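Residue-level structural notes
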Amino acid sequence: MLKLLRIELFKIFKRPRTYIAFGAIAAVVILFQVGMKFDGKTYLDLVLNNVSDSFEVSDEFKSKLLNGYFICFAILNILLIQMPLLVALVAGDAIAGEANMGTLRLSLTKPVSRTQYMLVKFMASIIYTLLLLIWLAVLALFGSMLVFGTNSLVIFRSEVIEQMNSYDVMWRYFAAFGYAAVALTTVSALAFLLSVFAENAIGPIIATMSIVIVLTILSEFNIPIYDKTVKPYLFTTHMVAWKGFFYVQADSDNKTIDGTIQNLPAILRSMGVLVIYIVGFVGTAIWIFRRKDILT
Amino acid sequence: MVLLLSMVLLVNAQTPDDVIKNVKAKLDKVNDYQAKGKMKTNVIFIKAPVANVKVYYKKPNKLRINNESGISFIPKGSVNINLGNIFVNTNGFDIIDMGIEAKTNLRIIKLLPRDENSDVVLSTLYIDESQSLIKKATTTTKENGTYELHMTYGKYADYGLADKVIFSFNIKDYKLPKGITFDYDDGSKKKESPDKLKDKKGKVEITYSDYSINKGVPDSIFK
C-alpha cells in the first residue's frame, strides 16, 4: 500500500498542473498582502463604516487592526471558498485521468484489490490537499505575521464584532486549519466520486466546481424557508464552520473568556456531517469502481 | 430646636456658585496625569476582553486612552471622562441649582453653557458637597447624544480623580451584509436584552490602579 501511495504521489507531483494550485494560492495571498500593506485602511473603512459613528476610528487604530492575524483571517475568508476548486484539480483527475491516458487497466493488473487501489488514490488526494493547506498557512498566516506583525484579532461578523487577545489566537488558527483540511477533503471526495464516472479529467473537475458553486450560493441565500429545510444538509453550509473557532464565549457583560469557543458542539456536529459526506462519497466511489467494467 | 437647626444649616449651606467653585478648584490642582487602568467595554454588539490601558490627560481638555498591548474600541466623546472638560467653556455657563437628591444626599446642579456654538447643551452634576466631588454627571450634546459618568473615588479624591469611572454613551446599530462576512451559523441565539433602550447604550468602565499626577505629559502623546 505504502509503495503504491508513493507511486501515486510521484505521479501527482510530476504533473505540472499540480503546481497551478500552489501558484494560484501564492498569487492571491501575495496580491492581497501587498494591497493591504499599501491600501489596507481603505479596505477597513468599509467594515468600520458601521462603528465609526460611535467609536474613534483613527489611523493608528486601523493600523493596529491590520495585523497579521486579521490579514490571515481575511485571506482565509476569500480563499477557503475558492480553494475547493483547486482541490478538485487533482481529485477529479485521480481515476478519470488514468482512464483518459489508458493506464487504468494496466494499473489494475498489479496485485492489489480495487478497494486498496481506490483508497490509495484517495489518500494521495488527501495528502495533496494537506500540502496545499500547509502552503496556505505558511503564506497567509506566518507570512502575514512577518509582514504585518501581531496584535489582538478583531473579526467583523454580520451582527457582532469579536475581539480576542493576541495570545489567544494561534491555537484557533491551528484548529481552523485542521477543520479546513476536513472541509477540503469533502470536496476532494466528491471530485473523486465523479472521477469514477468519467474518462476525461475535465468533466469531474468542472462538475465538482459547479456543484460547489451552486451549493455555496444556496448556503449563503438569505431565504428563511431554506434555513431549516435545505441548508443543514448541504456540505457547503458546514464547510465554513472553521470560523466557529474564532467565535468566543462572552460573559453577561460581553467580556470574552480566553480559550473558549462559543459553540463547540455545533462545530463538531458540522465536522460530523462532513465526515459522513466523505465516507459516503468515497464509499460510493469504491462500490461503483468495484463493479465497473474497466475498458481503458 | 428645629428652627435653630434649620438656621444653622442655612448659614452653612453653600451657594451653587460656591459648590462649583470648590469642585473646580479641586480639579484645577491637576495640570496633567497619566494613569494605568483596566478598561471593560460593554456594548451589545462587541465581544471584547478586558484591556490594560494607559490614560493620559493634559489641561485644558486633552485626553488619550492607549491600549498598549492590543486594540480597544474607544467611544467617541471619551474626552468627557475627564471631569475638567465640563468646565472648559470660554464664555462660561449659567448655573441652576436643583436642590438635594433625597436618596443620595447629593447636590444637583445644572450648567448651561452661554456659548451658542458649544456642542454641550446641558450638563447635570450630582455633587458630594462635603468633599467637593462630582459623583455623577450627565452631559447632553448637540451632535453625539447624551453621555453619563459615574465616579467612585478612593485615594486620589483630593485631586478630584476617580478610582473608577463608568462612561455610558449612545451607540448606533451595527450590521454588515452576510454576503461580505460569510458567517458560520453555529445556532447560537443572538443576545438580546429585554430593554431595547439599553441596547442603544454602550458602557465603558475604567478602573484605575495608579495615577502619576503633575509629572508632565508630552504633547506628542495626544497626536
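On a predicted model such as this, the values are computed, not experimentally measured, just so you know. For every chain, the first residue of the written sequence is number 1, and numbering continues from 1 along that sequence. Think of it this way: whatever chain is written first is A, whatever ligand is written first is 1, and the rest follow in order. For this predicted model, a pLDDT threshold of at least 70 governs which residues receive local features, and a threshold of 80 or more governs which side-chain atom pairs are given and counted, while totals over whole chains, interfaces and linings are taken from all residues. To get the side-chain values, all heavy atoms of the structure are used, and hydrogens and water are removed first.

1. A closer look at the overall build of chain B
Where we set the bar: Secondary structure follows DSSP: runs of H or I at least 4 residues long count as helices, runs of E at least 2 residues long count as strands, and numbering of each begins at the N terminus. Relative accessibility under 20% of the residue-type maximum defines a buried residue, over 50% an exposed one, and the middle range a partly exposed one, all with a 1.4 Å probe and only protein chains included. The contact rule is simple, with two residues in contact once any of their heavy atoms fall within 4.5 Å. Shrake-Rupley sampling with a 1.4 Å probe provides the accessible areas, and residues are treated as covered by the protein chains on show and by no other component.
Along its length, chain B carries four helices and eleven strands. Per-residue burial for chain B yields a buried fraction of 44% across its 223 residues. In chain B, of all internal contacts separated by at least 6 residues, the share reaching a separation of at least 24 is 54%. Total accessible area on chain B is roughly 11900 Å²; 53% of this is exposed by carbon and sulfur atoms.

2. What to know about the layout of surface pockets
Note the following rule: Using a grid of 1 Å spacing that covers the protein atoms alone, one calls a set of points a cavity when a 1.4 Å probe fits there but cannot get out, and a pocket when the set is open and has protein on both sides within 12 Å along at least five of seven lines; lining residues are those with an atom within 4 Å of a point. Grid points are joined across faces, edges and corners, and a volume is the space filled by probe spheres set on the points. Three classes are used: nonpolar for Ala, Val, Leu, Ile, Met, Phe, Trp, Tyr, Cys and Pro, charged for Asp, Glu, Lys and Arg, and polar for all others, with Gly counted as polar.
Counted as a void, the second largest pocket has a volume near 440 Å³. Together, 20 residues line the second largest pocket, and Glu56 and Ser58 of chain A together with Arg64, Ile65 and Ile74 of chain B are the ones closest to its centre. For the lining of the second largest pocket, the secondary structure elements donating two or more residues are helix H3 (59–65) of chain A together with strand S4 (62–66) of chain B. With five residues, the top contributor of residues to the lining of the second largest pocket is S4 of chain B. Classifying every residue of the lining of the second largest pocket gives seven nonpolar, seven polar and six charged.

3. Thoughts on the sheet that holds strand S2 (residues 46–47) of chain B
Put simply, the rule reads: Strands were regarded as paired on the criterion that DSSP finds at least two bridges between them.
Strand order in the open sheet formed by three strands is S1(A)-S2(A)-S2(B), with mixed pairing between adjacent strands. Only two strands of the sheet have a single partner each, and these edge strands are strand S1 (153–156) of chain A together with S2 of chain B.

4. Digging into the nonpolar core
Looking at soluble globular proteins, one finds that nonpolar side chains tend to be buried together. Put simply, the rule reads: Definition of nonpolar core: a set of buried residues of the types Ala, Val, Leu, Ile, Met, Phe, Trp, Tyr and Cys, connected through side-chain atoms within 4.5 Å.
With 155 residues, the main nonpolar core has Leu136, Phe156 and Tyr173 of chain A together with Tyr33 of chain B as its most contacted residues. For this core, the element with the highest residue contribution is helix H8 (residues 170–197) of chain A, accounting for 16 residues. Apart from the residues lying within four places of it in its own chain, the contact partners of tyrosine 173 of chain A are Tyr69, Cys72, Phe73, Leu76, Leu141, Leu153 and Phe246 of chain A.

5. A look at the side chain of glutamate 162 of chain A
Just so we agree on the cut-off: Here a polar contact means two N or O atoms within 3.5 Å. Within protein one must be a hydrogen donor candidate and the other an acceptor candidate, and residues neighboring in sequence count only if both atoms are side-chain atoms.
Along the chain, glutamate 162 of chain A falls in strand S2 (residues 161–164). A polar contact is formed between the side chain of glutamate 162 of chain A and the side chain of lysine 47 of chain B, at a distance of 3.0 Å. Excluding residues within four positions of it along the chain, glutamate 162 of chain A makes contact with Leu153, Val154, Ile155, Arg157, Phe246, Tyr247, Val248 and Gln262 of chain A together with Lys47 of chain B.

6. Some details on empty space enclosed by the protein
This structure, assessed with the given rule, holds eight cavities of 30 Å³ or more. Considered as a void within the structure, the largest cavity measures approximately 150 Å³ in volume. What lines the largest cavity is a set of 15 residues, and nearest its centre among them are Leu80, Ile81, Thr236, Met239 and Val240 of chain A. The set of elements that each furnish at least two residues to the lining of the largest cavity consists of helix H4 (68–91), helix H9 (202–220) and helix H11 (235–239) of chain A. Put simply, the second largest cavity is a space of about 80 Å³. If you trace the second largest cavity, you find it lined by Leu27, Tyr33, Ile81, Asn82, Leu83, Met151, Gly160, Leu161, Ala162, Val165, Tyr208 and Tyr211 of chain B. Elements represented by at least two residues in the lining of the second largest cavity include exactly strand S10 (162–170) and strand S11 (201–213) of chain B. Across the lining of the second largest cavity, the residue classes break down as ten nonpolar, two polar and no charged.

7. Observations regarding the pairing of S1 of chain A
All names here are of chain A. Here S1 shows two buried faces, one formed by Leu153 and Ile155 and the other by Val154 and Phe156. In the sheet, S1 pairs with S2 via four bridges, with the strands oriented antiparallel. Looking at the pairing, valine 154 lines up with glutamine 163 of S2. Between S1 and S2, which pair antiparallel one after the other, the connecting turn spans four residues.

8. Thoughts on the interface of chain A and chain B
Test applied: Each of two parts loses accessible area, computed with a 1.4 Å probe, when they are put together; buried area is these two losses added. Put simply, a salt bridge is a Lys or Arg side-chain nitrogen that is within 4 Å of an Asp or Glu carboxyl oxygen.
With 49 residues of chain A at the interface, the matching set in chain B holds 42 residues. Approximately 4500 Å² of surface area, both sides summed, lies buried where chain A meets chain B, with 50% of it carried by carbon and sulfur atoms. Where chain A meets chain B, there are four salt bridges. Notably, a salt bridge pairs aspartate 53 of chain A with lysine 172 of chain B, separated by 4.0 Å at the nearest N-O pair. Between chain A and chain B we count 24 residue pairs in polar contact (both at pLDDT 80 or more) in total. Those elements giving two or more residues to the side of chain A that touches chain B turn out to be helix H2 (18–48), H3, H4, S1, S2 and helix H12 (264–291) of chain A. If you tally residues by element for the side of chain A that touches chain B, the top one is H3 of chain A, at four residues. Split by residue class, the side of chain A that touches chain B holds 18 nonpolar, 19 polar and twelve charged.

Interpretation in functional terms is not warranted from these geometric data alone.
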